[in-house]
Amino acid sequence: AQRVTQPEKLLSVFKGAPVELKCNYSYSGSPELFWYVQYSRQRLQLLLRHISRESIKGFTADLNKGETSFHLKKPFAQEEDSAMYYCALSGGRMDSSYKLIFGSGTRLLVRP
Amino acid sequence: DGGITQSPKYLFRKEGQNVTLSCEQNLNHDAMYWYRQDPGQGLRLIYYSQIVNDFQKGDIAEGYSVSREKKESFPLTVTSAQKNPTAFYLCASSMFPPGGPQHFGDGTRLSIL
């Protein structure tokens with residue numbers, strides 16, 4: 001079954017602390033993995049995708065095919081990072097719909 | 001200002017009534033999607049369309065209908081057959097092929113009177 005699991009509903013850290021938002025997936029094939037973010041009063045937007053291998057706003061995520069994980073990390077959290085984060089996968093060319101399968105989301109709260 | 005516009009922001013439905021949610025995009029994207037979001041859950045795909053005059057059912061299409069008569073528009077109708085329509089509805093679009101990241105609207109919150 002195709003599934004994305006984000007085990008933490010809420011993650012609370014202090015400013016300057018490291019952050020790791022967990023994402024595990026189940027997919028028979030080679031999916032594309034994404035992290036989307038929704039800041040307060042803003043629309044859902046793409047944060048990063050694994051094929052880009054880039055760092056956005058200090059966040060990185062490495063695809064671990066062996067552990068089927070795509071955890072989102074940032075070494076030093078900032079208050080403006082507080083938001084709802086969704087991990088998602090797409091079958092890419094293996095799935096003609098290119099639909100996204102979303103996890104249930106993790107709310108990150110960065111305290112001063 | 002390019003993007004996706006969903007309207008209305010809030011919508012109320014009476015029992016037995018059909019309601020239509022609007023989604024318009026000026027990004028020249030081929031593919032458009034409708035998702036439903038319930039509290040504590042991720043987004044679930046209702047319908048998607050990859051080209052004008054064609055659309056496909058997603059994972060939870062029962063009680064919903066769509067049309068794609070124009071590239072920029074993909075309205076969603078919540079019919080009276082949808083017994084639990086109270087949710088947050090998000091529309092998205094992307095280039096196709098090869099897909100790529102989806103761009104989202106601000107959403108419509110539908111409630112039952």
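Refer to the structure presented above.
Residues numbered from 1 in each chain as written. Chains lettered and ligands numbered in written order. Predicted model: local features only at pLDDT ≥ 70, side-chain atom pairs only at ≥ 80, totals over all residues. Heavy atoms only, no water.

Caption draft 1: Layout of the environment of Asp106(B). As for its placement among the helices and strands, Asp106(B) is situated in the loop between β10 (103-104) and β11 (108-112). With relative accessibility at 36%, the residue Asp106(B) sits in the partly exposed group. Sequence separation of Asp106(B) and Gln6(B) is 100 residues, and the distance between their C-alpha atoms is 6.4 Å. With residues up to four places along the chain from it excluded, the contact list for Asp106(B) reads Arg43(A), Gln6(B), Lys9(B), Phe88(B) and Leu90(B). Polar contacts involving the side chain of Asp106(B) include one to the side chain of Arg43(A), which spans 3.0 Å. (Helix = DSSP H or I, 4+ residues; strand = E, 2+ residues; numbered from the N terminus. Buried < 20%, exposed > 50% of the residue type's maximum accessible area, 1.4 Å probe, protein only. Contact = heavy atoms within 4.5 Å. Polar contact = N/O pair within 3.5 Å; in protein donor to acceptor, adjacent residues only side chain to side chain.)

Caption draft 2: Broad picture of the nonpolar core. Ranked by internal contacts, the top residues of the largest apolar core, which has 26 residues, are Trp35(A), Leu72(A) and Tyr85(A). Those elements that provide at least two residues to this core are β2 (10-14), β3 (19-21), β5 (32-38), β6 (45-49), β9 (83-90) and β11 (106-111) of chain A. Per-element accounting of this core gives the leading share, four residues, to β9(A). With sequence-adjacent residues up to four places away left out, Tyr85(A) is seen in contact with Gln6(A), Leu21(A), Trp35(A), Tyr36(A), Val37(A), Tyr39(A), Leu47(A), Phe59(A), Leu72(A), Gly105(A), Thr106(A) and Leu108(A). In terms of nonpolar packing, the next biggest core, distinct from the first, is built from 20 residues, Cys23(B), Met32(B), Trp34(B) and Ala87(B) among them. (Core = buried A, V, L, I, M, F, W, Y, C linked by side-chain atoms within 4.5 Å.)

Caption draft 3: Spatial organisation of the side chain of Thr79(B). All names here are of chain B. With respect to the secondary-structure elements, Thr79 resides in the loop between β8 (76-78) and β9 (87-94). Judged by relative accessible area, Thr79 falls into the buried class, the value being 17%. Not counting chain neighbours up to four residues away, the residues in contact with Thr79 comprise Arg13, Gln17, Asn18, Gly63, Tyr64 and Ser65.

Caption draft 4: Local environment of the interface of chain A and chain B. Contacts between the two partners involve 17 residues from chain A and, on the opposite side, 22 residues from chain B. Of all residues in chain A, Arg43(A), Tyr98(A) and Lys99(A) bury the most surface against chain B, accounting for 34% of the area lost on that side. Put simply, chain A and chain B have one salt bridge between them. Between Arg43(A) and Asp106(B) there is a salt bridge, with its nearest N and O atoms 3.0 Å apart. Along the contact surface separating chain A from chain B lie six residue pairs in polar contact (both at pLDDT 80 or more). At the level of elements, β5, β6 and β10 (100-102) of chain A are the ones that each hand at least two residues to the side of chain A that touches chain B. Tallied by class, the residues present in the side of chain A that touches chain B amount to eight nonpolar, four polar and five charged. (Buried area = accessible area lost by both parts, 1.4 Å probe. Salt bridge = Lys/Arg side-chain N within 4 Å of Asp/Glu carboxyl O. Nonpolar A, V, L, I, M, F, W, Y, C, P; charged D, E, K, R; others polar.)

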